[in-house]
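Reading the structure
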Amino acid sequence: MIYFDYASTTPVHEEVLNAYIKVLQNHYANADSLHNDGRKSQRLMEKSRAQTAQLLSVSAEELLFTSCASEANSLAIKGFALAHRQRGNHIITTRVEHSSVVHAMEQLEQEFGFRVTYLPVNRDGSVDMNALRQALCAETILVSTMYVNNETGAINPIEEIAAIIHEQSRAVFHVDCVQALGKLSIPLSDIDMATFSAHKIYGLKGSALLYKKRNINLLALINGGQQEQGLRGGTANAPVNTVFAKTLRLALSEQTLHNQYVQQLHDCLCAELSELPDVQIQSNKNCVPHIINVAFMKVGSEVMLNALNERGFAVSAKSTCSSKSKAHSYVIAAMGLGEIAATHSIRISLSHLTKPEEVDALITALKEINHDYRTK
Ligand code: PLP
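Residues numbered from 1 in each chain as written. Predicted model: local features only at pLDDT ≥ 70, side-chain atom pairs only at ≥ 80, totals over all residues. Heavy atoms only, no water.

This part covers the overall build of the chain. A tally of helices and strands in the chain yields 13 helices and 12 strands. Taking all 376 residues of the chain together, the buried fraction comes to 56%. In the chain, of all internal contacts separated by at least 6 residues, the share reaching a separation of at least 24 is 72%. When the accessible area of the chain is evaluated, it comes to approximately 16100 Å², of which 50% is carbon and sulfur surface. Averaging the coordinates of the 34 positive side-chain charges in the chain and doing the same for the 37 negative ones gives two points 4 Å apart. (Helix = DSSP H or I, 4+ residues; strand = E, 2+ residues; numbered from the N terminus. Buried < 20%, exposed > 50% of the residue type's maximum accessible area, 1.4 Å probe, protein only. Contact = heavy atoms within 4.5 Å. Areas by Shrake-Rupley, 256 points an atom, 1.4 Å probe, with all protein chains shown as cover. Lys, Arg positive; Asp, Glu negative; His and termini not counted. Charge placed at Lys NZ, Arg CZ, Asp CG, Glu CD.)

Written out as structure tokens, the structure is:
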């Protein structure tokens, strides 16, 4: 298959894979065991935490390893809300978050009686700042927004959002940085909690991180032992956590170069797409170049996906975590782009690994499908 689904997950970097195999084979001892082998596993994992902290310009004790970004989002949102119910019961998020945030919010509303405000977004996919200003109140304890949207690549002005929150309230600011890592710089000094995932930056699946400022208390969601400051019980996945620092270092060291390359592919693809009839490009100047959301207004998302699949191309419609639901894209609908766009969109995601000739082949396939499968 020719892969255009890098926003869903990425192949593992060879150096990460080799390091992982080595650690897995040689350092399998439980990182909490007191014997020498256990201490060695612990040391390797803590070295990775310290190096990761240095790369993100934070302290090691502000980083918690988790099994995925969905878990980190759950821990940040539910862990914070449930630990601070006495301070207020209002939370703010947006209408375009990843399902792990949406479902955590819904659970807090339905099972625990929190009031959640879902902020609208502008046509470029960024948060409506006036709506944020109006929603903040004395009862607001938490605001959670994503940095880069996973369906459209739309970027939120994180520093501006942080300034408004901290000016107007005592609320804590959580940012889902999953699609921003390796693409944009992350202003962690303005953020109270942030989520990252390794498998979106050529790392391992089952590997993620929650950053939380020192003074922030959370309720543990997975009870167990002393692991991760008692906030996440269970034997540490030490080999996976040990290679997180290498994964991040590789992603950050080549960020600028990769961005420039991907921007070129993006511009070439968008120029071709914009020539096709009944095509609406929904990613705009306010988006990272890695994600192109496009609606073929006469070819439904599922038809397009299947036709591309038959021709050997892997793309997504909506977020992969919601791919099995028949519903339209709530992200495209929230941007006010209309119902047809919300049911006729696909997400093409690019990487530094994408070759120009692969983009050419995709364009040819899209032209054919847009011609052959269109409804009257
Ligand atoms: N947040 C965003 C913005 C995502 O794109 C994803 C994955 O698609 C997640 C969270 C969940 O990541 P994970 O697969 O590590 O749980």
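From this point, things continue past the structure.
Judged by side-chain charge, Arg 39, Lys 40, Arg 43 and Lys 47 come together as a positively charged surface patch. Relative to the assigned elements, Arg 43 resides in helix α2 (residues 36-56). (Patch = residues over 30% accessible without salt bridge, like charges linked within 9 Å, V, L, I, M, F, W, Y side chains within 5 Å. Salt bridge = Lys/Arg side-chain N within 4 Å of Asp/Glu carboxyl O.)

This part covers the state of the cysteines. Scanning the model with the defined rule gives 0 disulfides in all. Distance from the sulfur of Cys 177, which forms no disulfide, to the nearest cysteine sulfur (Cys 68) is 16 Å. No disulfide involves Cys 270; its sulfur sits 9.3 Å from the nearest other cysteine sulfur, which is in Cys 268. Overall, Cys 270 belongs to the buried group, its relative accessible area being 12%. (Disulfide = S-S within 2.5 Å.)

On to the pairing of strand β4 (residues 115-119), then. Summarising the sheet, strand β3 (residues 90-94) and β4 pair through 5 bridges and their orientation is parallel. Across the sheet, residue His 90 finds its bridge partner in β4, namely Arg 115. Handedness of the crossover joining β3 and β4 through helix α4 (residues 99-112): right-handed. (Pairing = 2+ DSSP bridges. Right-handed = clockwise from strand over helix to strand, strands pointing away.)

Contacts to the ligand come from 13 residues, most closely from Ser 70, Asp 176, Gln 179, Ser 197 and Lys 200. In this structure, an oxygen atom belonging to the ligand sits 2.7 Å away from a side-chain N or O atom of Ser 70. Measuring from an oxygen atom of the ligand, one finds a side-chain N or O atom of Lys 200 at 2.6 Å. Against a free-state accessible area of 400 Å², the protein chains account for coverage of 92% of the ligand. (Near = heavy atom within 4 Å. Polar contact = N/O pair within 3.5 Å; in protein donor to acceptor, adjacent residues only side chain to side chain.)

Turning to the pattern of salt bridges, a few remarks are in order. Taken as a whole and assessed by the stated rule, the structure comprises 9 salt bridges. Put simply, Asp 278 and Arg 374 hold a salt bridge, and the shortest N to O gap is 2.2 Å. Pair noted here: Asp 278 is in the loop between α9 (255-273) and β9 (279-281) and Arg 374 is in the segment after α13 (356-372), with a separation of 96 residues, a long-range link. Given the relative accessible area of 32%, Asp 278 is considered partly exposed. Judged by its relative accessible area of 26%, Arg 374 falls in the partly exposed class. Residues Arg 311 and Glu 368 are paired through a salt bridge, measuring 3.4 Å at the closest nitrogen-oxygen approach. Taken together, the residues span a long stretch of sequence, with Arg 311 in the loop between α10 (301-310) and β11 (313-314) and Glu 368 in helix α13 at a distance of 57 residues. In this structure Arg 311 comes out as partly exposed when scored by relative accessible area, which is 31%.

This part takes up the sheet that holds strand β2 (residues 63-66). The 7 strands are arranged β2-β8-β7-β6-β5-β3-β4 in an open sheet whose pairing can be described as mixed. The open sheet is flanked by β2 and β4, the only strands paired with a single partner. Adjacent strand axes in the sheet meet at a mean angle of 20° when their direction is disregarded. On top of the sheet, helix α3 (residues 69-83) reaches β2, β3, β5 (140-146), β6 (172-176), β7 (193-197) and β8 (208-212); it is set at about 165° to β7, its chief contact. (Axes fitted to C-alpha atoms, helices over the stretch in contact; angles between N-to-C directions.)

Right, let's talk about the packing of α2 against helix α8 (residues 244-253) for a bit. Remark: α2 packs on α8, axes separated minimally by 8 Å, with the N-to-C direction vectors making an angle of 25°. Overall, the two elements α2 and α8 adopt an arrangement that is roughly parallel. Here the hand of the crossing between α2 and α8 comes out left-handed. Residue-level contacts link Ser 48, Gln 51, Thr 52, Leu 55 and Leu 56 of α2 to Phe 244, Ala 245, Leu 248, Arg 249 and Leu 252 of α8. (Parallel < 35°, antiparallel > 145°, perpendicular 65-115°, else oblique. Left-handed = near helix turned anticlockwise from the far one by under 90°.)

Let us now look at α4. Along its 14 residues, α4 runs 19 Å from first to last C-alpha, staying within 8% of the 20 Å computed at 1.5 Å per residue. Those residues of α4 that fall on the buried side of the exposure criterion are Ser 99, Ser 100, Val 101, Val 102, Ala 104, Met 105 and Leu 108. If you follow the buried residues of α4, they end up packed against α3, β3, β4, β5, β6 and α11 (330-334). (Expected span 1.5 Å × (residues − 1).)

Let's shift gears to the nonpolar core. One finds Leu 132, Tyr 147, Leu 188 and Phe 196 to be the most contacted residues of the largest nonpolar core, which totals 45 residues. Counting only elements with at least two residues in this core, the list comes to α2, β2, α5 (129-135), α6 (158-168), β6, β7, β8 and α8. Examining the composition of this core, we find that 5 residues originate from one element, α6, more than from any other. Those residues in contact with Leu 188 that sit more than four places away from it in its chain are Leu 56, Val 58, Ala 194, Phe 196, Tyr 211 and Lys 213. If you look at the next biggest cluster of nonpolar residues, it comprises 26 residues, including Val 294, Ile 346, Ala 365 and Ile 369. (Core = buried A, V, L, I, M, F, W, Y, C linked by side-chain atoms within 4.5 Å.)

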